Amino acid sequence: YTRNDSLFIRTTEGIQSGSLSQNLLDFSNWSRYAGSAGYANLTKVGDDLFATSGTNLLLLSGSWTDTGADLPAGANSLFSDEEDLWTSDAGGTIYRYAGSTFEVQLSTTATMVNELAQVNGTFFLADGVQGLVDASGDSFSPDGPVSDSFSNIRVLANEAFGFHAPSVFSYDGSEQQAELSVFSDG
């Protein structure tokens, strides 16, 4: 994200910033915020930068400070638009940050929200399971396999069958995924 004349990034070593007027290919031109190694979900709303540490919402104002607002139970991602900070939980509930707490805005059928957008007051969610979901629960998902990971592919009678089960070579009993994708007639 850019803020004023700097670029901000989140790495495994923490949140770092570098002036856009310097050569950012040179690692010595980057500054790391001490203690930010475990921070997640770096996002920008207006000129404010937010991150999370566990369930704590943090705001950058000179240094990273705790806002006092905790993420709702089950929420682990932050989303932003030009004006508001949002999060969602695994049950599909959408929350808006209201300065000191998160307020429920909407309940949806989404279960794995990767991104959200609001267009003319209507929410659209990029759900990792259902595809694009609107506030009424209608979804759009392009044709394609249910996953990028295949444990096996077979072709029979001009149809391709893709199996999305755990690999027999590394299966440890912990995964219960068992899905099938079929490609036929183009």
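This write-up is about the structure you can find in this document. Here the structure is a predicted model, which means the values were calculated and not measured. (Residues numbered from 1 in each chain as written. Predicted model: local features only at pLDDT ≥ 70, side-chain atom pairs only at ≥ 80, totals over all residues. Heavy atoms only, no water.)

Some points on the nonpolar core
Okay, so step 1: With eleven residues, the main nonpolar core is built from Val-45, Phe-50, Leu-57, Ala-69, Leu-71, Ala-75, Leu-78, Leu-85, Tyr-95, Tyr-97 and Phe-102.
Okay, so step 2: With sequence-adjacent residues up to four places away left out, Leu-78 is seen in contact with Asn-41, Thr-43, Phe-50, Ala-51, Thr-52, Leu-57, Leu-71, Leu-85, Trp-86, Thr-87 and Phe-102.
Okay, so step 3: Among the nonpolar cores identified, the runner-up in size contains ten residues, and Ile-15, Tyr-33, Leu-49 and Leu-60 belong to it. (Core = buried A, V, L, I, M, F, W, Y, C linked by side-chain atoms within 4.5 Å. Buried < 20%, exposed > 50% of the residue type's maximum accessible area, 1.4 Å probe, protein only. Contact = heavy atoms within 4.5 Å.)

A closer look at the packing of aromatic side chains
Okay, so step 1: What the rule picks out here adds up to six aromatic pairs.
Okay, so step 2: Note on Phe-50 and Tyr-97: the rings are 5.7 Å apart at their centroids and 70° apart in plane angle, and the pair reads as edge-to-face. Highlighted residues: Phe-50 in strand β6 (residues 48–53) and Tyr-97 in strand β11 (residues 93–97), separated in sequence by 47 residues. For the pair shown, Phe-50 and Tyr-97 are each scored as buried.
Okay, so step 3: Relative to Phe-102, the ring of Tyr-97 lies with its centre 5.4 Å away and its plane at 50°, an arrangement referred to as tilted.
Okay, so step 4: Classification of Phe-102 by relative accessible area gives buried; the value is 10%.
Okay, so step 5: Among the aromatic residues, those joined into a ring-pair cluster are Phe-8, Tyr-33, Tyr-39 and Trp-64. (Phe/Tyr/Trp six-rings, centres within 6.5 Å; stacked < 30°, edge-to-face > 60°. Helix = DSSP H or I, 4+ residues; strand = E, 2+ residues; numbered from the N terminus.)

Here's the deal with the pattern of salt bridges
Okay, so step 1: Per the stated rule, a full pass over the model turns up three salt bridges.
Okay, so step 2: With a shortest N-O distance of 3.6 Å, Arg-96 and Asp-84 are connected by a salt bridge. Of this pair, Arg-96 sits in strand β11 while Asp-84 is found in the loop between β9 (79–80) and β10 (85–88), placing the two residues twelve residues apart along the sequence.
Okay, so step 3: On the basis of relative accessible area, Arg-96 is assigned to the partly exposed category, the value being 23%.
Okay, so step 4: A salt bridge links Glu-103 to Arg-96; the shortest N-O distance between them is 3.7 Å.
Okay, so step 5: Take Glu-103: its relative accessible area is 35%, and that puts it in the partly exposed class. (Salt bridge = Lys/Arg side-chain N within 4 Å of Asp/Glu carboxyl O.)

Notes on the pairing of β6
Okay, so step 1: Direction of pairing for strand β5 (residues 40–45) relative to β6: antiparallel, over a ladder of four bridges. Each residue of the ladder has a partner; that of Ala-40, found in β6, is Thr-52.
Okay, so step 2: Connecting β5 to the antiparallel partner β6 that follows it, the hairpin turn spans two residues, and Gly-46 within it adopts a positive phi of roughly 60°. (Pairing = 2+ DSSP bridges.)

With respect to the pairing of strand β13 (residues 113–119)
Okay, so step 1: Where β13 lies against strand β14 (residues 122–127), six bridges are found, and the strand directions are antiparallel. In the strand pairing of β14, Leu-116 is matched with Leu-125.
Okay, so step 2: Linking β13 back to β14 in an antiparallel pair, the connection comprises two residues, with Asn-120 at a positive phi of about 50°.

Things to note about unusual backbone geometry
Okay, so step 1: For Asn-4, which is not glycine, the phi dihedral falls at a positive 55°.
Okay, so step 2: Along the chain, the position of Asn-4 falls in the loop between β1 (2–3) and β2 (6–11).
Okay, so step 3: With a relative accessible area of 71%, Asn-4 lands in the exposed category.
Okay, so step 4: Backbone geometry places Ala-157, a non-glycine residue, at a positive phi of 50°.

Some points on the sheet that holds strand β8 (residues 63–70)
Okay, so step 1: Strand order in the open sheet formed by four strands is β5-β6-β7-β8, with antiparallel pairing between adjacent strands. Looking at strand neighbours, the two that pair on one side only are β5 and β8, the edges of this open sheet. Each strand of the sheet is rotated relative to its neighbour by a mean of 30°, with strand direction disregarded.
Okay, so step 2: Relative to β8, strand β7 (residues 56–61) runs antiparallel, the two being bridged by five bridges. (Axes fitted to C-alpha atoms, helices over the stretch in contact; angles between N-to-C directions.)

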